[in-house]
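What follows is the residue order along each chain.
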Amino acid sequence: MKPWARTTWLWFKRVAPWALAALVLTLVVRQARTVDWPAVWQALQQMPPGRLAAAAGLALLSHGLYASFDLIGRRLTGHRLSTLRTLGTAAISYAFNLNAGSLVGGFALRLRLYTRWGLSASTVAQIIAHSMATNWLGYLWVGGAVLLWAPPRLTDGWALPDPALRTIGLAMVLVALAYPVLCRFVRPRRLAWRGQSLTLASAPLAVWQLVAGGASWLLIGATVWSLFGGRIDYPTVLGALLLAALAGVLTHVPAGLGVLEAVFVATLGARLPVAEVLATVLAYRAVYYLLPLALALPAYALSEAAARRHRPGADRAPAQH
């Protein structure tokens, strides 16, 4: 790469995330100033309890599926923690991750919990890497499919041309599908970068990562869609969710606070009154973010107490490939 091109690329990488964050936060502030909050509260109070209960069930199922991603790391690293303890650690970390950000829940808390049970930091790093890969592989193929067949539209009509969206969507699906091919043909099945190495999954396990990761996003979409009570079709709700998730990651706002609401209003505000959209998103926050956190807090306290009584043993066994 030529020096001027390298300089331009480095400048773009530094500026682009901040520009996007400024754009999204401006949208958040602009929408917050125009919202009829009493109407939002009234719409939230009128939401049927059965609908909330169904959404809560889907949310907990989604959390359980996400926690199972750590079992992939368990298989590939060969650590000796039980399945139940692995699932519990992952579930607690995911709840904190959603509410406090990835650095707290996805990394720091996971590292603390796993190392308290005797695992090494390098083993935990591999578990986290495989979990993240599973999650984003699922995002790639689900998001790509949405762009191919039902791309999200903003309320002011802004969107990339359909051919461009389909091209991006196809590229996302192809990148996701390339992963099991890579796992099948790369020998040895190990990636090395800056002195660190990562064991790749077998091809069948890689396919399972695609399936589980995609199913997780589809379940999250079903949670939000159920709260809308069928008033908006599922692909449209799923597209808004995927766009909101990406915006939340790029802006680094903990729990996507305000960003999630702004994106849903921008994409669905033309389909339903803004107050109803916001009430639904707030209900989604309650069942998907706050309810699991309420369960994770005492579980974390119990885990800390149990870990103090635990004598760590060897944390690794021969990896199963």
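What counts and what doesn't
- Residues numbered from 1 in each chain as written.
- Predicted model: local features only at pLDDT ≥ 70, side-chain atom pairs only at ≥ 80, totals over all residues.
- Heavy atoms only, no water.
- Phe/Tyr/Trp six-rings, centres within 6.5 Å; stacked < 30°, edge-to-face > 60°.
- Helix = DSSP H or I, 4+ residues; strand = E, 2+ residues; numbered from the N terminus.
- Buried < 20%, exposed > 50% of the residue type's maximum accessible area, 1.4 Å probe, protein only.
- Lys NZ or Arg CZ within 6 Å of the ring centre and 35° of its normal.
- Core = buried A, V, L, I, M, F, W, Y, C linked by side-chain atoms within 4.5 Å.
- Contact = heavy atoms within 4.5 Å.
- Axes fitted to C-alpha atoms, helices over the stretch in contact; angles between N-to-C directions.
- Parallel < 35°, antiparallel > 145°, perpendicular 65-115°, else oblique.
- Left-handed = near helix turned anticlockwise from the far one by under 90°.
- Nonpolar A, V, L, I, M, F, W, Y, C, P; charged D, E, K, R; others polar.
- Expected span 1.5 Å × (residues − 1).
- Patch = residues over 30% accessible without salt bridge, like charges linked within 9 Å, V, L, I, M, F, W, Y side chains within 5 Å.
- Areas by Shrake-Rupley, 256 points an atom, 1.4 Å probe, with all protein chains shown as cover.
- Salt bridge = Lys/Arg side-chain N within 4 Å of Asp/Glu carboxyl O.
- 1 Å grid on protein atoms, 1.4 Å probe; cavity = no way out; pocket = protein on both sides within 12 Å on 5 of 7 lines; lining within 4 Å.
- Points joined across faces, edges and corners; volume = space filled by probe spheres on them.

A. Region of interest: the packing of aromatic side chains. By the definition in use, this model includes 11 aromatic pairs. Between Tyr66 and Tyr94, the ring centres sit 3.9 Å apart and the planes meet at 10°, which makes this aromatic pair stacked. With Tyr66 in helix H3 (residues 49-67) and Tyr94 in helix H5 (residues 83-100), this pair connects stretches of sequence that are 28 residues apart. Of the residues examined, Tyr94 reaches a relative accessible area of 7% and is grouped as buried. Consider the rings of Tyr284 and Tyr288, whose centres lie 5.5 Å apart with planes at 25°: the pair is stacked. With Tyr284 and Tyr288 both in helix H12 (residues 274-308) and four residues apart, the pair spans about one turn of that helix. For the pair Tyr284 and Tyr288, one class covers both residues: buried. An aromatic cluster is present here, built from Tyr66, Phe69, Tyr94, Tyr284, Tyr288 and Tyr289 joined pairwise through their rings. Over the face of the ring belonging to Tyr289 we find Arg285, whose NZ or CZ atom lies 5.1 Å from the ring centre.

B. The arrangement of the environment of Leu177 in detail. Relative to the elements of secondary structure, Leu177 occurs in helix H8 (residues 162-185). When the C-alpha positions of Leu177 and Trp141 are compared, they lie 7.8 Å apart, and in sequence the two are 36 residues distant.

C. Spotlight on the nonpolar core. Core analysis: the biggest nonpolar cluster contains 50 residues, and Phe228, Phe264, Tyr284 and Tyr288 have the highest contact counts within it. Dropping the residues within four chain positions of it, Phe228 is found in contact with Arg51, Val237, Phe264, Leu268, Leu272, Val277 and Thr280. Core analysis: the second largest hydrophobic core is formed by 11 residues, Cys183, Ala201, Leu205 and Leu210 among them.

D. Seen up close, the packing of helix H6 (residues 102-116) against helix H7 (residues 121-149). As a packed pair, H6 and H7 sit with axes 10 Å apart at the nearest point and diverge in direction by 135°. As summarised for this structure, H6 and H7 are arranged oblique, according to the angle between their axes. Crossing handedness for the pair H6 and H7: right-handed. Only Ala121, Val124, Ile127, Ile128, Ser131 and Met132 of H7 make contact with H6, whose side of the interface consists of Gly106, Phe107, Arg110, Leu111, Tyr114 and Thr115. Each residue belonging to the contact of H6 with H7 can be placed in one class, and the counts come to eight nonpolar, three polar and one charged.

E. Representation of H8 within the structure. Its 24 residues give H8 an end-to-end C-alpha distance of 34 Å, which sits within 8% of 34 Å, the value for a rise of 1.5 Å per residue. Buried within H8 we find Leu165, Gly169, Met172, Val173, Ala176, Tyr179, Pro180 and Cys183. Buried positions along H8 lie against H7 and helix H9 (203-227).

F. Just the packing of H3 against H9, in detail. Between H3 and H9, whose axes approach to 9 Å, the crossing angle comes to 165°. Put simply, H3 runs roughly antiparallel to H9. Classified by chirality, the crossing of H9 by H3 is left-handed. Residues Arg51, Leu52, Ala55, Leu58, Ala59, Leu61, Ser62, Leu65 and Tyr66 of H3 pack against Ala212, Ala215, Ser216, Leu219, Ile220, Ala222, Thr223, Ser226 and Leu227 of H9. Partitioning the contact of H3 with H9 into residue classes produces 13 nonpolar, four polar and one charged.

G. Molecular detail of a nonpolar patch on the surface. Nonpolar side chains collect at one region of the surface, where Leu103, Val104, Phe107, Met132, Trp136, Leu246, Val249 and Leu250 lie side by side and expose about 660 Å² of accessible area between them. Sorting the residues of the nonpolar patch by element identifies H6, H7 and helix H10 (234-251) as the ones contributing at least two each. Relative to the elements of secondary structure, Trp136 occurs in helix H7.

H. Up close: the layout of surface pockets. When its volume is computed, the second largest pocket comes out at roughly 860 Å³. Along the wall of the second largest pocket there are 32 residues; nearest its centre are Asn97, Leu98, Ser102, Trp136 and Val249. Counting residues per element, the ones that place at least two in the lining of the second largest pocket are H5, H6, H7, H9, H10 and H12. When grouped by side-chain class, the residues that make up the lining of the second largest pocket number 22 nonpolar, nine polar and one charged.

I. How the structure looks around the pattern of salt bridges. Tallied over the entire structure, the rule returns six salt bridges. The closest approach of N and O atoms between Glu304 and Arg112, which form a salt bridge, is 2.8 Å. Pair noted here: Glu304 is in helix H12 and Arg112 is in helix H6, with a separation of 192 residues, a long-range link. We classify Glu304 as buried; its relative accessible area is 5%. Overall, the relative accessible area of 39% leaves Arg112 in the partly exposed class.

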